[in-house]
Amino acid sequence: MEREDDEQAEEKVWPATNLGEREEGGDIDGFQAERGAMMETEVLSGFFGNSQLEESQPLGFSLSSDHTDNWAPSIFSSSSSSLPCLSPPLPPSVELDGVLAEGRLVLDVYRGGGGVLPMFWESAQERIRGLQYLRLGSEDEGALERALSVLPRLTQLRFLTIRGHRFYDPQGDPLPGLLSSLPDSVCSLSLLVHLDLSFNRLSSLPPCLLSLSHLSELLLCHNRLLGLPEGLGALVSLRRVSLLGNRLVDLPRGLGLLCRLEELDLSFNQLERLPDELGQLQDLQKLELSNNRLRALPETLGSLRSLRQLVIQSNDLRTVPECLHSLPLLDKLDTRNNPLGRPPTPPPIAHITPVLEESEIPELHLGFGQNSFQVSSAGCHVFLPGGAELLFPRRCVNAVTQLQWAERRPDRKWVWLEEHDVLLSRQLELRPHGATFEEPVEVCIPYHKTRKGHVAVRRFDGQSWSTLPTLTRRGSEKHSCRPRGRPARLACCSVSQFSWFVAVSHPFLDSCSVSPEGALLVSQFDPGIKIIFPPECTAETRTVTMQVLQVVLSEVQDLTGDTHASASPLLCLSQTPSLHFLQPITVQIPLPPGVTGHMVDMSRLHLMHGDPTTHTWTDITAQVSLYVTHIYAIFSITHFSWYWLWYTTHRCVSGIVRKMYHRLKQFRIRFLALQKKNDPEQVLLQCLPSDKAESRLASLSEQYEGPQPSELCVLLEGEQFFAGFERGIDISADRPDCKDGRLSFTFYSHLKNIKEVHVCPTHPQQGTVRGQVSFYRGEVPSDLPEEVARKRKGHDDQWMATLPLRIPNADCDGSISGELNLGDPESGYLTETNLLSISLRINQEWQNIGINLGISYDQLERIRNQHRDNFGTQVMAMLFHWARGQQGAGPGAVERLMKALEDSGRRDLAEEVKDTVTLGKRKYEESLKRVGLETPASSADP
């Protein structure tokens, strides 16, 4: 998993770039690269000023030609042969003032940009000598050597960055840095306080760094460090050290001499132990130790009285020292993915260990014509053509089993995608369907990464689609289907049964909890997108969510007909509870691609506000204080919604924005099937937009009852659907809108679609009639626009959703019998009101309770996704789903509920249920005594 960890960490650091923009030309690519450099520059702006959002002077090249130097034409002339070939190229009219501002010089936004540093030194030594901030790329070996030769002369330098992963190769993979050492003369940089050498090839710490006594921050992420020198303790001014993603096995004792150290990140290494001297870091506030091989923590960590955050997840820790719980300031202790509380694994006994365990799992490489293979109890690592991999562990099958596979072209009409999802792979079918393995089988699907987002595997089990927990990694070096032998990207999941699998990408979803003390929310999509919550902005803690959707520049320009039009990423902001903030919230988003702060025409910049309920867009540029820096736009709001920044020559852009949003958005609906309370054989069918389903249910609750809304379906406006009744219920075939036993209706987002029909049992019988109503996609209407018809999803007869339908028989007086009660009067029972009261007291442990009640994990996931925006409804749906299944199942339902509550840690609720049924039983016995019908058992009681 080392490759996977590196890739994930790489995506956190490397700024997002729109693929569609990168394909259009180098100018956009260069601007995006410059934006990436600027993002990290802004993080360091605290050393020059305390404001979090104030932007420094432009670091990019100047477009003005008002100032000229005598040396500029000789250096930047297009005919100059001494200038290195940079990508993107430096404009011929660029001046030194364009790239050097306030002692800052950024050269890593150009491929090989470090090669021009010697020319700057020769032409303007006085200005370069006073340089305080310098960024260099390390992907070009020649340019890096030339820059390192000048570096020791910059004695006033305070901030230095030499990083890799600043540019991508044609396959979209980041280029690694080539820095493997530093010259000894770097020790002359005695004023250096910040040094970033991440994403390079350093195998040891350069000795020259140990003499930099003023160094405050040292970043060496994703190198090849095998160890650290004992002399590291000489850097007494260090406050932050990051060694994430290296190969460290142990740490030197001198680490304890860093008395001012506040942050230490050692995650994603190979550490097996920690030195006791680590407890001497009295100022340490944050310690990251995740994804190592630690089996124990030293007791000296109890001396870290300033420690606030300790992350030790994904290690091999069986216990955590008790001293950590007594640290006064520790408010975050992350111990996930550790075998806490488990006994140590005993060593294997040599004479009884099977030979099978000592041998490696055999490999099987299949060709395009081999669609079947065999797996035995020894396991197998199967490599499919195209890059897919299947890992069968030992003893996953008891006997030799014949398996098949098939792969089809990507078909977005067949795959049920969530809103804004992108299909990344072919459809992989593994047979036989439904066959259960003794051990989980790892299925790895190759995917093509097209844009920034979470990658997940979706599975179709023959009834519905579900998203599986997914990990991403590179494929095996022995099985490469990529050019130049590079392994494919794989999306891996563990399954116990075979079915259909695809890889999809969905937008990043970021959330945080905002307390009265304030908070900061940064997007995974783009670190430059951030929301700052000031103190006292809320009186109670609330949860906020941010989703970022990127728009391809070409689509904006095609829709507007304006070659200069552009749009920033779309921000979808939501919160729970939905209340206005007490103080303005600051939002920072990147300017639209191709637009920078020093050349933007503010009359063409529009901040659009979207209303998620009415789907309208309003230009609020004049109502907010919009502040523009070099690459960011900053504004303040008091409530959450959708926000979109547009740059266009059109004055009225609301209509254009609405059209663009409808291109991104697909309608999501819910199907309803409700029964009339006074006439159970009369059923209301309805198809509604998802955001209107709950309010419609509330308005119909007095007249109708029935199942909850179905899962969400994706469709286009104006499509036809059929509703067909099956399994014991039927409709009249004489209805004019009935076709082959199905009713047809058309869904429109702005109209009501209601069908009231009479259903009856197909075969008259006693007791409750159970059936289902299934919804099928219909034919495309003749008046559907051509561009909409081309993007339509699904075949005409594709199954979409099925709802259970229960028709109770009516009593003689017409009332409906069969109230939902558990138990019986003699032993005590729970009514619907009791169950509702219990559900209101269940918290986050509701899924554990459901599992202990015997509800399948898939059913719990369906309930969670079906009511993802309402936690209380999730709990009620789980509890009542189980209760309905207990009707007619005989006695013992109440006891099973109490046991499930106790096993889930809610003994208080179990005692409450026991008191409720005991009280009901006593009332029942008292009522029998009043009428003289007490039972012998009750009369014998004292």
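Above this text sits the structure in question.
Keep in mind it's a predicted model, so treat the numbers as computed, not measured.

**Q** Is there a simple way to think about the overall build of the chain in this case?
**A** Helix and strand counts for the chain come out as 20 helices and 50 strands. Intrachain contacts of the chain at a sequence separation of at least 6 include 62% that bridge at least 24 residues. Carbon and sulfur atoms provide 49% of the accessible area of the chain, an area that totals close to 44,700 Å².

**Q** I would appreciate a short explanation of the pairing of strand 25 (residues 509–514) in the present structure.
**A** For a regular strand, side-chain orientation follows a simple rule: the groups alternate between the two sheet faces. A one-sided burial pattern is seen for strand 25, the buried positions being Asp510, Cys512 and Val514 and the unburied ones Leu509, Ser511 and Ser513. Note: strand 25 against strand 28 (residues 542–549), six bridges, orientation antiparallel. Pairing of valine 514 across the sheet is with arginine 542, part of strand 28.

**Q** Help me understand the nonpolar core, please; the structure alone is not making it clear to me.
**A** Ranked by internal contacts, the top residues of the largest apolar core, which has 67 residues, are Leu134, Leu151, Leu157, Leu160, Ile162, Leu197 and Leu264. At the level of elements, helix 6 (117–123), strand 3 (133–137), helix 8 (141–150) and strand 4 (159–163) are the ones that each hand at least two residues to this core. Here the element with the most residues in this core is helix 8; it accounts for four residues. In this structure leucine 134 touches Leu105, Leu117, Leu151, Leu154, Leu157, Phe159, Leu160 and Thr161, once residues within four positions along its chain are discounted.

**Q** Even after reading the chapter, I still don't get a nonpolar patch on the surface, so can you show me in this structure?
**A** Among the surface-exposed residues, Leu836, Leu840 and Met876 lie close enough to one another that they form a single nonpolar patch of about 270 Å² accessible area. Topologically, methionine 876 is positioned in helix 17 (residues 871–886). The exposure class assigned to methionine 876 is partly exposed, which follows from its relative accessible area of 31%.

**Q** Sorry if this is basic, but what is going on with the environment of threonine 576 here?
**A** Inspection of the secondary structure assignment puts threonine 576 in strand 30 (residues 570–576). For the pair threonine 576 and asparagine 870, spaced 294 residues apart in sequence, the C-alpha to C-alpha distance is 9.9 Å. If near-sequence neighbours (up to four positions away) are discounted, threonine 576 is found in contact with Arg542 and Thr543.

**Q** Before we go on, may I ask you to explain unusual backbone geometry in this structure?
**A** Glycine aside, residues mostly have negative phi angles, and peptide bonds mostly take the trans form. Following arginine 431, the chain continues into proline 432 via a peptide bond in cis, with omega recorded as 5°. Note on placement: proline 432 falls in the loop between strand 18 (427–431) and strand 19 (436–446). Cis geometry is adopted by the peptide bond preceding proline 577, which originates at threonine 576 and carries an omega value of 0°. With respect to the secondary-structure elements, proline 577 resides in the loop between strand 30 and strand 31 (585–590). Positive phi, close to 55°, is recorded for phenylalanine 268, a residue that is not glycine. Mapped onto the elements, phenylalanine 268 comes out in the loop between strand 8 (263–265) and strand 9 (286–288).

**Q** Can you walk me through the packing of aromatic side chains in this structure?
**A** For any pair of aromatic rings, the description consists of the separation of the ring centres together with the inter-plane angle of the planes. Taken as a whole, this structure holds 13 aromatic pairs when the rule is applied. Ring centres of phenylalanine 460 and tryptophan 500 lie 5.6 Å apart, and the angle between their planes is 50°; this geometry places the pair in the tilted category. With a gap of 40 residues between them, phenylalanine 460 in strand 20 (residues 454–460) and tryptophan 500 in strand 24 (residues 500–506) connect regions that are remote in the sequence. A single burial state applies to phenylalanine 460 and to tryptophan 500, both of which are buried. An aromatic cluster of at least three residues, connected via ring pairs, comprises Phe373, Phe392, Phe437 and Phe498. Of note, arginine 104 hangs over the ring of tyrosine 133, and the distance from its end group to the ring centre comes to 5.6 Å.

**Q** Explain the sheet that holds strand 27 (residues 530–533) to me, please; I cannot follow it from the model alone.
**A** Pairing between the strands of a sheet comes from backbone hydrogen bonds, and it takes one of two forms, parallel or antiparallel. Strands sit in the order 26-27-31-35-34 across an open sheet of five strands; the sheet is antiparallel. Unpaired on one side and paired on the other, strand 26 (519–522) and strand 34 (627–628) mark the two borders of the sheet. Bridge count for strand 31 against strand 35 (residues 632–637) is six bridges, and the pairing is antiparallel. Residue pairing across strands places glutamine 588 opposite isoleucine 634, the latter belonging to strand 35.

**Q** Help me understand the packing of helix 17 against helix 18 (residues 893–903) in this model?
**A** The axes of two packed helices give the description: the angle between them and the distance between them. It is at 11 Å that the axes of helix 17 and helix 18 come closest, and there the two elements cross at 150°. Taken together, the axes of helix 17 and helix 18 are roughly antiparallel relative to one another. With respect to the hand of their crossing, helix 17 and helix 18 are arranged in right-handed fashion. Two secondary-structure elements touch here, helix 17 through Leu879, Trp882 and Gln886 and helix 18 through Ala893, Arg896 and Leu897.

**Q** Before we go on, may I ask you to explain the state of the cysteines in this structure?
**A** Considering all chains together, one arrives at one disulfide under this definition. The disulfide bridge from cysteine 444 ends at cysteine 492, spanning 2.4 Å between sulfur atoms. Judged by the torsion about the S-S bond (115°), the cysteine 444/cysteine 492 disulfide is right-handed. Of the two residues, cysteine 444 is situated in strand 19 and cysteine 492 in strand 23 (residues 489–497); the sequence distance between them amounts to 48 residues. Judged by relative accessible area, which is 2%, cysteine 444 ranks as buried. What makes cysteine 492 buried here is its relative accessible area of 6%.

**Q** I'm lost on the sheet that holds strand 22 (residues 471–474) in this one. Help?
**A** One open sheet accounts for six strands, arranged 12-14-15-19-23-22; its pairing is mixed. The open sheet has two edge strands with one neighbour each: strand 12 (363–365) and strand 22. Averaged over all neighbouring strand pairs, the angle between strand axes comes to 25°, with direction disregarded. When strand 19 meets strand 23, the two strands line up antiparallel, connected through seven bridges. What sits directly across from cysteine 444, in strand 23, is cysteine 492.

**Q** Hey, could you run me through helix 18 in this one?
**A** Residues spaced three or four apart along an α-helix point in a common direction, a consequence of the helix completing one turn every 3.6 residues. Residues of helix 18 that are buried: Ala893, Val894, Leu897, Met898, Ala900 and Leu901. All buried residues of helix 18 lie within an arc of 160° about the axis, which places them on one face of the element. Two residues or fewer after helix 18 comes glycine 905, characterised by a positive phi angle close to 85°.

**Q** Honestly, helix 10 (residues 553–560) in this entry has me stumped. Any pointers?
**A** Turning to helix 10, its buried residues are Leu553, Val556 and Thr560. Taken down its axis, helix 10 places every buried residue within 65° of arc, on the same side. Looking one or two places after helix 10, you find glycine 561, whose phi comes out positive at around 70°.

**Q** Hey, could you run me through the pattern of salt bridges in this one?
**A** As a working rule, side chains carrying opposite charge can pair if their charged atoms are close by. Within the structure shown, the criterion is met by 18 salt bridges. The partner of glutamate 263 in a salt bridge is arginine 240, and the shortest N-O contact between them spans 3.9 Å. Remark: arginine 240 occurs in strand 7 (residues 240–242) and glutamate 263 occurs in strand 8; sequence separation between them is 23 residues. The exposure class of arginine 240 is partly exposed, given its relative accessible area of 31%. For the salt bridge of glutamate 861 with arginine 864, the shortest nitrogen-to-oxygen distance reads 2.8 Å. Linking glutamate 861 with arginine 864, this pair stays in helix 16 (residues 857–866), spanning three residues, or about one helical turn. Residue classification places glutamate 861 among the buried residues on the basis of a relative accessible area of 15%. Overlapping salt bridges bring together Asp108, Arg135 and Arg166 as one network.

**Q** Where do I start with the packing of helix 16 against helix 17 in this structure?
**A** At their nearest, the axes of helix 16 and helix 17 sit 9 Å apart, and the two run at 145° to each other. The two elements helix 16 and helix 17 meet at a crossing, and its hand is right-handed. Judged by residue contacts, Gln859, Leu860, Ile863 and Arg864 of helix 16 engage Gln874, Ala877, Met878 and His881 from helix 17. By residue class, the composition of the contact of helix 16 with helix 17 is four nonpolar, three polar and one charged.

**Q** Teacher, can you tell me more about the side chain of serine 839 here?
**A** Residue placement: serine 839 occurs in helix 14 (residues 832–839). The buried category is assigned to serine 839, whose relative accessible area is 4%. With residues near it in sequence (within four places) discarded, serine 839 still touches Val875, Met876 and Leu879.

**Q** Would you explain the environment of serine 744 in this entry?
**A** Its location among the elements puts serine 744 in strand 44 (residues 742–746). Along the primary structure serine 744 and glutamine 720 are separated by 24 residues, whereas in three dimensions their C-alpha atoms are 6.8 Å apart. If we skip the residues at most four places from it in the chain, serine 744 touches Phe721, Phe722, Asp737 and Lys755.

Here is what the cut-offs are and how they apply
Residues numbered from 1 in each chain as written. Predicted model: local features only at pLDDT ≥ 70, side-chain atom pairs only at ≥ 80, totals over all residues. Heavy atoms only, no water. Helix = DSSP H or I, 4+ residues; strand = E, 2+ residues; numbered from the N terminus. Contact = heavy atoms within 4.5 Å. Areas by Shrake-Rupley, 256 points an atom, 1.4 Å probe, with all protein chains shown as cover. Buried < 20%, exposed > 50% of the residue type's maximum accessible area, 1.4 Å probe, protein only. Pairing = 2+ DSSP bridges. Core = buried A, V, L, I, M, F, W, Y, C linked by side-chain atoms within 4.5 Å. Patch = residues over 30% accessible without salt bridge, like charges linked within 9 Å, V, L, I, M, F, W, Y side chains within 5 Å. Salt bridge = Lys/Arg side-chain N within 4 Å of Asp/Glu carboxyl O. Phe/Tyr/Trp six-rings, centres within 6.5 Å; stacked < 30°, edge-to-face > 60°. Lys NZ or Arg CZ within 6 Å of the ring centre and 35° of its normal. Axes fitted to C-alpha atoms, helices over the stretch in contact; angles between N-to-C directions. Parallel < 35°, antiparallel > 145°, perpendicular 65-115°, else oblique. Left-handed = near helix turned anticlockwise from the far one by under 90°. Disulfide = S-S within 2.5 Å. Arc of directions from axis to C-beta. Nonpolar A, V, L, I, M, F, W, Y, C, P; charged D, E, K, R; others polar.

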